[in-house]
Amino acid sequence: MKKINILGSTGSIGTNALDVVSRHPREFSVIGLAAHSNADLLVRQAKKFRPKAVAICNESKVNGVRKALSGTGIRVLGGYEGINELAGRKDADITLVSIVGAAGLLPTLYAIDSVRMIALANKEPLVMAGGIITARAKKRGTKIVPVDSEHSAIFQCLNGHNREDLKKIYLTGSGGPLKNLDAKKFEALSPEEVVNHPRWKMGKKISVDSATLMNKGLEIIEAKWLFGVGVDKIDVLIHPEAIIHSMVEFVDGSIMAQLSQTDMRLPIMYAFSYPRRVKSTLPALDFVKLGKFTFGPPDFGKFPCLKMAYEAAKNGGSQPAVLNAANEEAVLAFLGKKIKFTQIPKIIGGVLAKHRSKADPSLDEILQIDAWARQQARSLI
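Residues numbered from 1 in each chain as written. Predicted model: local features only at pLDDT ≥ 70, side-chain atom pairs only at ≥ 80, totals over all residues. Heavy atoms only, no water.

A few words on the packing of aromatic side chains. In total, this model carries eight aromatic pairs according to the counting rule given. The interplanar angle of 65 degrees and the centroid separation of 5.6 Å between the aromatic rings of phenylalanine 28 and phenylalanine 272 together place this pair among those described as edge-to-face. Taken together, the positions of phenylalanine 28 in strand 2 (residues 28-35) and phenylalanine 272 in helix 11 (residues 265-273) put the pair 244 residues apart, joining distant regions of the chain. The same class applies to phenylalanine 28 as to phenylalanine 272, namely buried. (Phe/Tyr/Trp six-rings, centres within 6.5 Å; stacked < 30°, edge-to-face > 60°. Helix = DSSP H or I, 4+ residues; strand = E, 2+ residues; numbered from the N terminus. Buried < 20%, exposed > 50% of the residue type's maximum accessible area, 1.4 Å probe, protein only.)

Spelled out as structure tokens, the structure:
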């Protein structure tokens, strides 16, 4: 039985991960749960799964969680220090990192130093500090298994193959909720309309990223680090059916694809069971009902965030960290109805234009650059 530590247990990925554990009680158990501020759900999860410890980032809710879990023997940690302490537990077999945004960077590094395998669900740490994370994981002997459906697909397709035989990666994407909407209507879009994804049920931030195609741009940077390939070997394909989760092409012309239902529990289950596979209780694909697969190129003019992400990925250095920070602030402002949807790329572009890129930033420099970019974005907002 594998012992799982879940950072971000109350979010979409975290709740799906706990559903996987519930369906496979002989395969997995939970030893740690961490949440940002959803104390009520964290308490319910803790009472059901009985981890050794829980952590809640919002310090104002620590005492409430302690009171609710009094007598259970479950240790309660609080604040960012508590999240990092939980991430650093050495008694886990796998730590799932599904903390939203840049806040996942330091817990990811703590986990790398503590466990042999990380199931990485949030892409921002690799976007911000991919070189540092991958070098540290290699030094520590920590395996990073991606949970993002696209990167899980690539990981599965490459499993057992030599990386030098890889010619190209095809990152697929549904196109998001605005794929067929006239760009002239973007300015009037509300947050509620934007987060209504046609295929995936996700958190608000990643749903907005999907609508701007920034999510696909961040995935390009993530793939660059996860699989050690140049950006010129990564293409984006719009695939509305969202059944082919990504493909890889080898030097001999062969192409391998990973297909499954659009259900995040599948890549989570694969990451938890790797290198084995466990029997799924989820619905199987029905190819007759699917009928056909369609593909198309992304529209860089309609979705400028994707173009900016490509450029940041090619330029490297500190640019991806700036891109990510500015995007997080712009998306937060849009969700708070402080800016229009069309202003998201303008704010990101404005911050990138002010930034003097650093080729090989240290962790401290990345954190400083992240803070600078956020302040610049707030000023533009």
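Our next topic: the sheet that holds strand 1 (residues 2-7). Taken together, the seven strands give an open sheet; going across it, the order is 4-3-2-1-5-6-7, and neighbouring strands pair in parallel fashion. Either end of the sheet is taken by a strand with one partner, and the two such strands are strand 4 (75-78) and strand 7 (143-146). Ignoring strand direction, the axes of neighbouring strands in this sheet form an average angle of 20 degrees. Bridge analysis of strand 1 against strand 5 (residues 94-97) gives four bridges, and the strand direction is parallel. Its bridge partner being in strand 5, isoleucine 4 is matched across the sheet by isoleucine 94. (Pairing = 2+ DSSP bridges. Axes fitted to C-alpha atoms, helices over the stretch in contact; angles between N-to-C directions.)

For the bond from tyrosine 274 to proline 275, the omega torsion is 5 degrees, close enough to zero to count as cis. Structurally, proline 275 can be placed in the loop between helix 11 and helix 12 (287-290). Positive phi, close to 70 degrees, is recorded for leucine 213, a residue that is not glycine. Of note, leucine 213 is situated in the loop between helix 9 (204-212) and helix 10 (214-227).

A few words now on the pattern of salt bridges. Here the structure, examined in full by the defined rule, presents 24 salt bridges. The closest approach of N and O atoms between arginine 374 and glutamate 328, which form a salt bridge, is 2.9 Å. Note that arginine 374 is positioned in helix 16 (residues 363-380) and glutamate 328 in helix 14 (residues 319-335), a separation of 46 residues in sequence. The class of arginine 374 is buried, set by a relative accessible area of 11%. Among the salt bridges present, the one from arginine 374 reaches aspartate 370, with a minimum N-O distance of 2.8 Å. Taken together, the residues span about one helical turn, with arginine 374 and aspartate 370 both in helix 16 at a distance of four residues. Accessibility assignment for this pair places arginine 374 and aspartate 370 in one class, buried. Taken together, the shared-partner salt bridges in this structure form one network comprising Glu328, Glu329, Asp370, Arg374 and Arg378. (Salt bridge = Lys/Arg side-chain N within 4 Å of Asp/Glu carboxyl O.)

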